[in-house]
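Each chain, letter by letter, is given below.
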Amino acid sequence: MSYDYDLFVIGGGSGGIATARRAAQYGAKVAVAENDRLGGTCVNRGCVPKKLMVYASHFPSQFAESRGYGWTVGDGSFDWSKMITAVNNEVTRLNGIYQGMLDNSQVELFPLHAKFIDAHTVEVGDKKVTADKILIAVGGKPHRPSNIPGIEHAIVSDDIFHFPEQPKRVVILGGGYIGCEFACILNGLGSEVTQVIRADKILRGFDDDLCTTIQEAMQQHGVRLLNNCPDMVIEKTEEGLKVTVKGEGEETVIADVVGFAATGRNPNLDNLGLENTKVEVKKGAIAVNEYSQTAEENIYSVGDCTDRINLTPVAINEGRAFADTVFGGNSRTMSYENVPSAIFTTPEAGTVGLTEGEAREKYGDEIKVYRSKFRPMYYTLAGKDEKTLMKLIVHTESDRVIGAHMVGDHAAEIIQGVAIALKTGATKANFDATVGIHPSSAEEFVTMR
Ligand code: FAD
């Protein structure tokens, strides 16, 4: 049977574009459907604009720190609309680059919503196209908790990139990494930020030391944290949005903006026509095997809509593994072991491998934890009490380093290198035998005894 395409990709985000290009490199005839801007969440409303705003948020403290080094910096002022315009211009530039990449790879773009008619047929606009293989890479969308009265007044993280003015008083709901990052961004830019969480600590699922260190630093920098607050109500009043938080006591906060629904994301399976296929959905996500294959033999799925590890490089790697396997004659699966990640809070964190809690659960007493907390050299002249945390978790029997965690400046950059060591099975003896780079914070990873 002949089809219009060898591969039809639904979703032109991180996973979809990487897969389309890799399959096209192998000579496949490929098309992508994207109903929004090219690049998906990461480029348009995630990693990229967020990280640019993180950079913007660091300047006030850097201006202050520079004084300790002899600089006199005049009264700074911040223009939100200039920043947002610059951020969005960069996003538009990247949209163009993605279009160029598809053109260069001879991947056809349908700038439209796509929906399954059957396992080999997709409806895009008023056209029906057929494909031998179809990849679902439709990503995720923010989740609004339904059990908070007044939640309709809250915004989601997507909205902040289009705010014409800086919200001065902000309440952030939830303690996940996106909520914490936005709390730090807005706090750094001078907004008054209150973060409300149900648990006693932010960043559930990360190493406990890392969570505590970030939480303490965020509070020290001025983020007000209301923890252990299981119930809250949002009301619109003349003064602004009134958030009544109920925990051990009751507290009211007035805000210009509430939300960023930092309360999670769900796979974006709206109007996808999955009912016309045998594709299975489990716990709201597309169910796949280790080759990213769904229950319908010719349909595959990668990225956030499969809810495995929801990160851009993971979506890209899953997609490339699929393309290599199906179109490149190189059968392989994505490895989920030692996937590093970062939290772009202030201070930043980087992490790879097992948390101390996970390591204890898996290996009991057969682990040794090396931990160092210190003030980096940069902050001495700046006169600031900023701390860096570094932590290695070692499996004593094999001497393998099974976890590395860091909170502090450049943690993401540093952990990326450490992740290679973990991925290649490095032992603590290998770390010890590595000569440090002096003076740096990173050298602590090879000098901890
Ligand atoms: P997406 O990139 O979301 O792409 C899916 C695309 O499919 C979208 O463009 C959508 O419009 C399109 N689509 C959906 N349905 C259809 C349809 N039926 N027809 C046509 N098109 C359709 N990850 C990191 O690694 N590092 C970070 O620092 C980071 N920060 C983040 C910050 C925020 C605020 C958010 C929200 C996410 C962040 N992420 C980060 C996560 C990262 O953005 C996602 O993991 C990644 O984008 C997933 O890629 P994907 O291809 O699965 O989906």
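Residues numbered from 1 in each chain as written. Predicted model: local features only at pLDDT ≥ 70, side-chain atom pairs only at ≥ 80, totals over all residues. Heavy atoms only, no water.

Helix and strand counts for the protein come out as 13 helices and 24 strands. Here the C-alpha radius of gyration of the protein, 24 Å, is about what a compact globule of 449 residues would show, namely 22 Å. Considered along the principal axes of its C-alpha atoms, the protein spans approximately 70 × 65 × 45 Å. Counting every position in the protein, which comprises 449 residues, the buried fraction comes to 49%. Restricting to contacts in the protein with at least 6 residues of sequence separation, those with at least 24 account for 62%. (Helix = DSSP H or I, 4+ residues; strand = E, 2+ residues; numbered from the N terminus. Rg over C-alpha atoms; globule rule 2.2 N^0.38 Å. Buried < 20%, exposed > 50% of the residue type's maximum accessible area, 1.4 Å probe, protein only. Contact = heavy atoms within 4.5 Å.)

Not every one of the 37 residues close to the ligand is listed here, only the nearest: G15, E34, T41, K50 and D304. Here S14 contributes a backbone N or O atom positioned 3.4 Å from an oxygen atom of the ligand. One of the side-chain nitrogen or oxygen atoms of H113 is found 3.4 Å away from a nitrogen atom of the ligand. Compared with its free state, where it exposes 1000 Å², the ligand has 95% of that area covered by protein. Contributing elements (two or more residues each) for the shell around the ligand: α1 (14-25), α2 (40-45), α3 (47-67), α6 (177-188) and α8 (312-327). Looking at the shell around the ligand, the element that brings in the most residues is α2, giving four residues. Residue classes in the shell around the ligand are distributed as 16 nonpolar, 15 polar and six charged. (Near = heavy atom within 4 Å. Polar contact = N/O pair within 3.5 Å; in protein donor to acceptor, adjacent residues only side chain to side chain. Areas by Shrake-Rupley, 256 points an atom, 1.4 Å probe, with all protein chains shown as cover. Nonpolar A, V, L, I, M, F, W, Y, C, P; charged D, E, K, R; others polar.)

The next point concerns the sheet that holds strand β14 (residues 250-255). Think of a sheet as strands paired side by side through backbone hydrogen bonds, with each pair either parallel or antiparallel. In spatial order, the strands read β12-β13-β14; together these three strands make up an open sheet with antiparallel pairing. Bordering the open sheet on either side are β12 (231-236) and β14, each of which pairs with just one other strand. Between one strand axis and the next, the sheet turns through 20 degrees on average, direction left out of account. Summarising the sheet, β12 and strand β13 (residues 241-246) pair through six bridges and their orientation is antiparallel. Along β13, the bridge assignment pairs D231 with K246. (Pairing = 2+ DSSP bridges. Axes fitted to C-alpha atoms, helices over the stretch in contact; angles between N-to-C directions.)

On to the packing of α3 against helix α4 (residues 80-104), then. Two elements in contact, α3 and α4, have axes whose closest approach is 10 Å; the angle formed by their N-to-C orientations is 145 degrees. Here α3 and α4 pass one another in a crossing that is right-handed. Of α4, the residues touching α3 (which contributes V48, P49, L52, M53 and A56) are W80, M83, I84, V87, E90, V91 and L94. (Left-handed = near helix turned anticlockwise from the far one by under 90°.)

Moving on, we get to the pairing of strand β9 (residues 169-173). For β9, a buried count of four out of five residues is recorded, marking the element as mostly surrounded by other parts of the structure. Pairing of β9 with strand β10 (residues 192-196) involves five bridges; the strand directions are parallel. The residue of β10 that forms the bridge with V171 is T194.

Below, the discussion takes up helix α11 (residues 411-423). Along its 13 residues, α11 runs 18 Å from first to last C-alpha, staying within 8% of the 18 Å computed at 1.5 Å per residue. Of the residues trailing α11, G425 is marked for its positive phi of about 80 degrees. (Expected span 1.5 Å × (residues − 1).)

The next thing to look at is the pattern of salt bridges. Enumeration according to the criterion identifies 21 salt bridges in this entry. Linking K282 and E280 is a salt bridge whose minimum nitrogen-to-oxygen distance equals 3.8 Å. Relative accessible area serves as the criterion here: at 53%, K282 is assigned to the exposed category. With a relative accessible area of 40%, E280 lands in the partly exposed category. Across the pair K391 and E356 runs a salt bridge whose closest N-O atoms are separated by 2.7 Å. One end of the pair, K391, is in strand β23 (residues 388-395); the other, E356, is in helix α9 (residues 356-363), with 35 residues separating them in the sequence. Ionic contacts of the salt-bridge type, sharing partners, join the residues D207, D209, E356, R360, R371 and K391 into one network. (Salt bridge = Lys/Arg side-chain N within 4 Å of Asp/Glu carboxyl O.)

Turning our attention to the sheet that holds strand β20 (residues 341-343). Taken in spatial order, the five strands line up as β20-β21-β24-β23-β22 in an open sheet, and their pairing is antiparallel. Among the strands making up the open sheet, the edge pair consists of β20 and β22 (367-374). Here the strands of the sheet are splayed against their neighbours by 15 degrees on average, with no regard to which way each runs. The pairing of β20 with strand β21 (residues 349-353) spans three bridges and is classified as antiparallel. Within β21, the position partnered with S341 by the bridge is T351. Packing against the sheet, helix α7 (residues 208-220) makes contact with β20, β21, β22, β23 and β24 (400-407), and its axis sits at approximately 10 degrees to β24.

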